[in-house]
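Chain by chain, the residues run as shown.
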Amino acid sequence: MAEYVYRGDKQTSSELKGKLCSAVRRNNGKCIRGKNGTMLVDFDGKRAVVIGRMLRKIKPVPDSRE
């Protein structure tokens, strides 16, 4: 389940730009964040520490049941 899109910056490799990722969470459900604004994310089994400001949350699609 993808939660974020990683936008990256000019120094980011092109293989990570625009990729979907999900946050790695602690036992209590909170995301793992660093003191300098970084965040631990999972790109389809590959974990990486990225700048949190470069992540964009994907809004859930509302259920269209009528």
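Attention here is on the structure that accompanies the text. (Residues numbered from 1 in each chain as written. Predicted model: local features only at pLDDT ≥ 70, side-chain atom pairs only at ≥ 80, totals over all residues. Heavy atoms only, no water.)

### A short note on the environment of S22
Secondary-structure assignment places S22 in strand β2 (residues 19-23). A relative accessible area of 17% places S22 in the buried class. Considering only alpha carbons, one finds S22 and F43, 21 residues apart in sequence, at a separation of 6.9 Å. (Helix = DSSP H or I, 4+ residues; strand = E, 2+ residues; numbered from the N terminus. Buried < 20%, exposed > 50% of the residue type's maximum accessible area, 1.4 Å probe, protein only.)

### Describing the nonpolar core
Counting twelve residues, the largest nonpolar core consists of Y4, Y6, L16, C21, A23, M39, V41, F43, A48, V50, M54 and L55. Within the residue set of this core, elements represented by two or more residues are β1 (4-6), β2, β3 (38-43) and β4 (46-51). Here the element with the most residues in this core is β3; it accounts for three residues. Not counting the four nearest positions on each side in its chain, M39 is found in contact with Y4, A23, C31, I32, R33, A48, V49, V50, G52 and L55. (Core = buried A, V, L, I, M, F, W, Y, C linked by side-chain atoms within 4.5 Å. Contact = heavy atoms within 4.5 Å.)

All we've got here are geometric facts, nothing functional implied.
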